[in-house]
Amino acid sequence: MIDSRAALAARIARAQVRRMDRRDVLRRMGGLGLAVAGAATLGRSAHAHQDGTPPATPTLGERPDGTRVWRVIVGGMAMEELLEAQAFFPGEITINAGDTIFFDFGQMPGFHTVTFPAVGEEPPAFQMPDPAATPAAAGEPPTLVYNPEAAFPVGGETYDGTALVNSGVVFFREGAPFSVTFPEPGEYEYLCIPHAAVMRARVIVQEAGSELPMEQADYDALAEEQLAAILDAGRAAAEEYTEAAATPGADGATVHEVTNGAAGADGQAQVLRFLPEEVTIKAGDTVRWVHRSAHEPHTVTFLGGEEAPEDVIFEPQPAGPPRLVQNNMTLFPQGGDVYNGEGFTNSGFMGEEMPGGTEYELTFDTPGEYGYYCILHAGGPEDPIGQAMVGRITVTE
Ligand SMILES: [Cu+2]
């Protein structure tokens, strides 16, 4: 698990050789441009969208042929509080055969998909072992790639239950709106693949011309209520961990506990923060980060003078979309258990069933100020505290 410095430097060098200029890749993919330049991180996508033009929005309501266009909102966010709501709003909608639903990813989209698997079938896996990679040596982790069936659009925009329809990850849509038309009556479950643990919802399609139980305005009001309840649960979760609990450690040192992301409302509310963000300790003390975010992974990452690694490496292909390779530098723990400001030091993805587990400890033996960040929810440790998932440890004599 713990690389030597030399091995680590070699891995960084390898990763940089493989890393392509992201904008170049995106241009080849069809000019996705700035809006996706930081595709995998919430923080960067937020910056990029300030320059983007708003996506075209389909006209809601009745069409000349009597069918309707409805709206469901995909996820929600309170950016200024670093809270994310992982749900569809409303969670259930009843429409008629022939109607269309516009899935609104919003102006500040999260890392979401809208995915209707064929009825009775499992949704595509999000990541998988790279089919093109040579098998990993014993003890080495396999290379993972994002499954193109999950990351990119599949199946057009008509869903009748017989075949997969997937929006792909919103960042790869270049702002193109995603709407689905439902020609066949039935009850259809759908989900967001990256947040499959909690982000699931349902469309009920009645016979054409049936009486509708609710209007769009009713669903909008319901959506607002559901979003507010989830964000409130996130606020309550954040308030539980405002202080770093201190417990005695070895040799008179102290262990300070920092919460690495909290969750509420059964995981639909995600607090994308370290709680508390700033902790002052004495040289020799240990910080223990505890992951409390249910299914949402986070990292604790100190760059130690190295360049910030990309989490996803884009590899252009002769045809079709690029391969999206998961960087093992970010996924797996790196560095030792003492940090003095030098050397890339990373918890790996934390969470149950994640390589970094639910607890991560580092001892600090050298006075100084050490900024750190979550690779998945900030651009780097220099992002301002409070505007992305970053934190700071101040070590005194
Ligand atoms: Cu995070």
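The following refers to the structure shown. Residue numbers run consecutively from 1 along every chain, following the written order of its sequence. With the structure being a predicted model, the display of local features is reserved for residues of pLDDT at least 70 and the display and counting of side-chain atom pairs for 80 or more, all residues being used for whole-chain, interface and lining totals. Processing note: side-chain calculations cover all non-hydrogen atoms of the structure and skip hydrogens and water entirely.

1. A closer look at the coordination of the copper ion
Okay, so step 1: The protein atoms that coordinate the copper ion are His298 (ND1), Cys374 (SG), His377 (ND1) and Met389 (SD), at distances spanning 1.9 to 2.6 Å.
Okay, so step 2: Burial classes: relative accessible area under 20% of the type maximum marks a residue as buried, over 50% as exposed, and values in between as partly exposed (1.4 Å probe, protein chains only). Residue classification places Cys374 among the buried positions, given a relative accessible area of 0%.
Okay, so step 3: Residue Met389 is classed as buried on the basis of its relative accessible area of 0%. Donor selection uses N, O and S atoms within 2.8 Å of the metal (3.2 Å for Na, K and Ca). Since no water is included, sites may look incomplete.

2. Quick look at the environment of Glu359
Okay, so step 1: Here a strand is any run of E in DSSP of at least two residues, a helix any run of H or I of at least four, and the numbering for each starts at the N terminus. Examined against the element boundaries, Glu359 turns out to sit in strand E23 (residues 359–364).
Okay, so step 2: By relative accessible area, which is 48% here, Glu359 ends up partly exposed.
Okay, so step 3: Between the alpha carbons of Glu359 and Trp289 there is a distance of 5.6 Å; along the sequence they are 70 residues apart.
Okay, so step 4: The contact partners of Glu359, leaving out residues within four places of it in the chain, are Arg288, Trp289, Val290 and Met350. Working rule for contacts: check all heavy atoms of both residues, and any pair within 4.5 Å makes them a contact.

3. Regarding the pattern of salt bridges
Okay, so step 1: Any Lys or Arg side-chain nitrogen found within 4 Å of a carboxyl oxygen on Asp or Glu counts as a salt bridge. By the definition in use, this model includes 14 salt bridges.
Okay, so step 2: The residue Arg292 makes a salt bridge to Glu257 at a minimum N-O spacing of 2.9 Å. Here Arg292, found in strand E17 (residues 286–292), pairs with Glu257, found in strand E14 (residues 254–264); they are 35 residues apart in sequence, far enough to count as distant.
Okay, so step 3: We classify Glu257 as partly exposed; its relative accessible area is 23%.
Okay, so step 4: In this structure, Arg392 engages Glu278 in a salt bridge whose closest nitrogen and oxygen atoms are separated by 2.7 Å. Linking Arg392 in strand E25 (residues 390–396) with Glu278 in strand E16 (residues 278–282), this pair joins segments that are 114 residues apart in sequence.

4. A word on unusual backbone geometry
Okay, so step 1: Here the bond from Phe89 into Pro90 is cis, since omega is -5 degrees, no more than 30 degrees from zero.
Okay, so step 2: Positionally, Pro90 belongs in the loop between strand E3 (83–89) and strand E4 (92–96).
Okay, so step 3: Cis geometry marks the peptide bond from Leu275 to Pro276, where omega comes out at -10 degrees.
Okay, so step 4: In this structure, Pro276 sits in the loop between strand E15 (269–275) and E16.

5. Description of the environment of Gly351
Okay, so step 1: Relative to the helices and strands, Gly351 resides in the loop between strand E22 (345–346) and E23.
Okay, so step 2: You can call Gly351 buried: its relative accessible area is 4%.
Okay, so step 3: Residues Gly351 and Val290 lie 61 residues apart in sequence; the distance between their C-alpha atoms is 9.2 Å.
Okay, so step 4: Beyond its immediate sequence surroundings of up to four residues, Gly351 is in contact with His291, Gly357 and Thr358.

6. Side note on the side chain of Thr94
Okay, so step 1: The topology assignment puts Thr94 in strand E4.
Okay, so step 2: Setting aside residues up to four positions removed in sequence, Thr94 forms contacts with Trp70, Ile204, Gln206, Leu212, Pro213 and Tyr219.

7. So, the nonpolar core
Okay, so step 1: To qualify as a nonpolar core, a set must consist of buried Ala, Val, Leu, Ile, Met, Phe, Trp, Tyr and Cys residues joined through side-chain atoms within 4.5 Å. Phe103, Phe116 and Phe182 are the most contacted members of the largest nonpolar core, which totals 39 residues.
Okay, so step 2: The set of elements that each furnish at least two residues to this core consists of strand E2 (68–78), E4, strand E5 (100–104), helix H4 (148–151), strand E10 (178–181), strand E11 (186–191), strand E12 (200–206) and strand E19 (312–315).
Okay, so step 3: Annotation comment: domain bounds sourced from an automatic or database domain assignment. Structurally, this core is a two-domain feature, drawing no fewer than three residues from each of domain 1 (5–12 + 240–396) and domain 2 (32–74 + 91–216).
Okay, so step 4: Counting residues in each nonpolar core, the second largest holds 25 residues, with Val258, Val287, Tyr360 and Met389 among its members.

8. A word on the pairing of E16
Okay, so step 1: Only one face of E16 is buried, namely the one carrying Val279 and Ile281, since none of Glu278, Thr280 and Lys282 on the opposite face is buried.
Okay, so step 2: For E16 and E25, the ladder comprises 5 bridges, and the chain directions are parallel. Bridge pairing links Lys282 to Thr396 in E25. DSSP calls a pair of strands paired once it identifies at least 2 bridges connecting them.

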